[in-house]
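Residue-level listing of the chains:
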Amino acid sequence: MLNGRNILLCVTGGIASYKAAALASKLVQAGAEVQVAMTKSAERFVGKATFAALTRKAVYDDVFIEHDASKIAHIDLADEADLIVVAPATANTIAKLASGIADDFITTTILAATCPIVVCPAMNVNMLDHPATKRNIEQLKQDGVKIIAPGIGNLACGWVGKGRLPEPEELVLTIEGLFADKLLSGRNVLVSAGPTIERIDPVRYMTNDSSGKMGIALAEAARDLGADVTLVHGPVSIPLPSGVTAVAVESGEEMLQAILKRYANQDIVVKAAAVADYRPKVRYEQKQKKINGALEIELEETTDILKTLGEAKTNQILVGFAAETEQLETHSLAKLAKKKADFIVANDVSDMSIGFGSDQNAVTVFGQDGFSRDFPAQDKTKLARELMTLFAEALR
Ligand code: PMT
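Calculation notes
Residues numbered from 1 in each chain as written. Predicted model: local features only at pLDDT ≥ 70, side-chain atom pairs only at ≥ 80, totals over all residues. Heavy atoms only, no water. Near = heavy atom within 4 Å. Polar contact = N/O pair within 3.5 Å; in protein donor to acceptor, adjacent residues only side chain to side chain. Areas by Shrake-Rupley, 256 points an atom, 1.4 Å probe, with all protein chains shown as cover. Helix = DSSP H or I, 4+ residues; strand = E, 2+ residues; numbered from the N terminus. Nonpolar A, V, L, I, M, F, W, Y, C, P; charged D, E, K, R; others polar. Expected span 1.5 Å × (residues − 1). Buried < 20%, exposed > 50% of the residue type's maximum accessible area, 1.4 Å probe, protein only. Salt bridge = Lys/Arg side-chain N within 4 Å of Asp/Glu carboxyl O. Core = buried A, V, L, I, M, F, W, Y, C linked by side-chain atoms within 4.5 Å. Contact = heavy atoms within 4.5 Å. Axes fitted to C-alpha atoms, helices over the stretch in contact; angles between N-to-C directions. Parallel < 35°, antiparallel > 145°, perpendicular 65-115°, else oblique. Left-handed = near helix turned anticlockwise from the far one by under 90°.

Asker: For this particular structure, what's the right way to read the site of the ligand?
Answerer: Around the ligand, the surrounding shell holds 29 residues, and the nearest of these are S210, S211, K335, N347 and G357. In this structure, K271 approaches the ligand through a main-chain N or O atom, which is 2.8 Å from an oxygen atom. The contact in question runs from an oxygen atom of the ligand to an N or O atom on the backbone of A323, over 3.1 Å. Considering the ligand on its own, with 770 Å² of exposed area, one finds that the protein chains cover 96% of that surface. The set of elements that each furnish at least two residues to the shell around the ligand consists of helix 10 (213-224), helix 12 (305-311) and strand 16 (317-324). The biggest single contributor to the shell around the ligand is strand 16, with four residues. Along the lines of polarity and charge, the residues of the shell around the ligand split into twelve nonpolar, ten polar and seven charged.

Asker: Help me understand helix 14 (residues 380-395), please; the structure alone is not making it clear to me.
Answerer: Every α-helix winds through 3.6 residues per turn, so residues three or four apart in the chain are directed the same way. Under the 1.5 Å per step criterion, the end-to-end length of helix 14 is 22 Å for 16 residues, consistent within 8% with the ideal 22 Å. Residues of helix 14 that are buried: K380, L383, A384, R385, L387, M388, L390, F391, A392 and L395.

Asker: Is there a simple way to think about unusual backbone geometry in this case?
Answerer: Generally, phi is negative for residues other than glycine and the peptide bonds are trans, each holding for most cases. Along the chain, A87 connects to P88 via a cis peptide bond; the corresponding omega equals -5°. With respect to the secondary-structure elements, P88 resides in strand 3 (residues 83-89). The phi dihedral of Q327 is positive, around 40°, even though this residue is not glycine. Relative to the helices and strands, Q327 resides in the loop between strand 16 and helix 13 (328-338).

Asker: Can you help me understand the pattern of salt bridges in this one?
Answerer: Note on pairing: side chains with opposite charge can pair once their charged atoms come close. Counted by the stated rule, this structure contains 20 salt bridges. The salt bridge partner of E167 is K19, with a shortest N-O separation of 3.1 Å. You can see E167 sitting in the loop between strand 7 (160-164) and helix 9 (168-178) and its partner K19 sitting in helix 1 (residues 17-29), a full 148 residues away along the chain. Classification of K19 as buried rests on a relative accessible area of 8%. One salt bridge connects R199 with E250, and the closest N-O pair in it is separated by 2.9 Å. You can see R199 sitting in strand 9 (residues 198-201) and its partner E250 sitting in the loop between strand 12 (245-248) and helix 11 (252-263), a full 51 residues away along the chain. Through salt bridges that share partners, K19, R164 and E167 make up one connected network.

Asker: What exactly am I supposed to notice about the nonpolar core here?
Answerer: Generally speaking, a soluble globular protein has its nonpolar side chains buried in company with each other. Among the nonpolar cores identified, the biggest contains 37 residues, and L184, L218, V270, L387, M388 and F391 are the most heavily contacted of them. Considering every element that reaches this core, the biggest residue donor is helix 14, with eight residues. Beyond its immediate stretch of four places on either side in the chain, L387 contacts M214, L218, V345, V363, V365 and F375. Ranked by size, the runner-up nonpolar core spans 30 residues in total, among them A16, L83, A122 and F179.

Asker: Could you clarify how one ought to interpret the packing of helix 5 (residues 91-99) against helix 8 (residues 131-142) in this entry?
Answerer: Packed helix pairs are specified by the crossing angle of their axes together with the interaxial distance, meaning the distance between the axes. Interhelical geometry of helix 5 versus helix 8 gives an angle of 50° and a closest axis separation of 9 Å. Taken together, the axes of helix 5 and helix 8 are oblique relative to one another. Once helix 5 is placed against helix 8, the crossing between them reads as left-handed. Contacts between helix 5 and helix 8 involve A91, I94, A95, L97 and A98 from the first element and T133, N136, I137, Q139 and L140 from the second. Taken together, the residues of the contact of helix 5 with helix 8 break down into seven nonpolar, three polar and no charged.

The values reported here are purely geometric and, on their own, carry no functional implication.
Below, the structure is given as structure tokens:
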């Protein structure tokens, strides 16, 4: 997808600049023509020579130093770029971009650009949470800039929190997504993600280990293929994607209602959520006191959302998941038939390296007329793109 694409990588001055070198290298390996521009602050972290060697191109850092006198570099680079990626983007550069200040090579070039722009904020958690930074990021979003949410973890400043530049591999996947064929342009896709929680009393509940990663990756894949995406999600702690309509729910019943309300308008519905099959028959209004001895809680069945959708199906492509710990194929084929789905994505959740909570997954998709296709273990983002392409092709 990146072969021959002109990508202008703008590196600004944060400690995460070192990751930008790996990003440049991976983009070049993926076939992109990568041109690097740096701020003077970035050069205090990583030298220009590193990027020049990785890209085999001169690095730009000064509007007044032209490598070729017959050209005006900041205008030509802005015109030639298919995509501009600012990684890492400091609070300072974000503030300048948000207010249209053009006082260095990067900000001047971006002001002259008409191509899509991706900004990857990376900084101390408090700088990121500062009202000014939040305001500036919001402004960039309104200006049509795509913001890649920073990751959570150990920050170089010693704090633990949000602010890490995502790993270069993740950034490459996101950038590839921007160049994906818009197979789902004009289509509506609804994805359910994450766990549901079924309350016992105000402070106790039943739930499961779903992190929402698989469903959120599917929503992002559908968005990148041009769809209008609704993400109905249970409680998740990972960042929600931009550019999709997110509907937060808690219980299976709330998920059912949120999906039914939107079902008639959908072209594809993918049920990646891990919905509870049972819920406590009684939900206590007050916190239950400890009793002497064992406590029994009676459970009742929840509505099977996928089955309900299967029975009400008109022209939608309906996709369910099957999380199984044994007899993967037998149980998945039974679910395909019982729930009247077009596809069931069979997930072996006995393997802890894939499935619940992990970044990777391996699945087999079963469909009508004996269709079956294996997807080997891979990053959920990449898998989601392949799955969504399969569903989009089925729709066509
Ligand atoms: O969220 P992650 O941490 O990334 O993990 C991903 C995942 C393992 C949760 C995901 O890949 C997955 O397998 N999701 C389906 C989990 C599940 O509930 O499987 P199931 O076999 O119990 O249910 C079968 C299908 O029926 C599912 O599509 C489920 O959404 C649906 N269902 C189940 C019960 C119910 N009451 N209503 C439903 O619609």
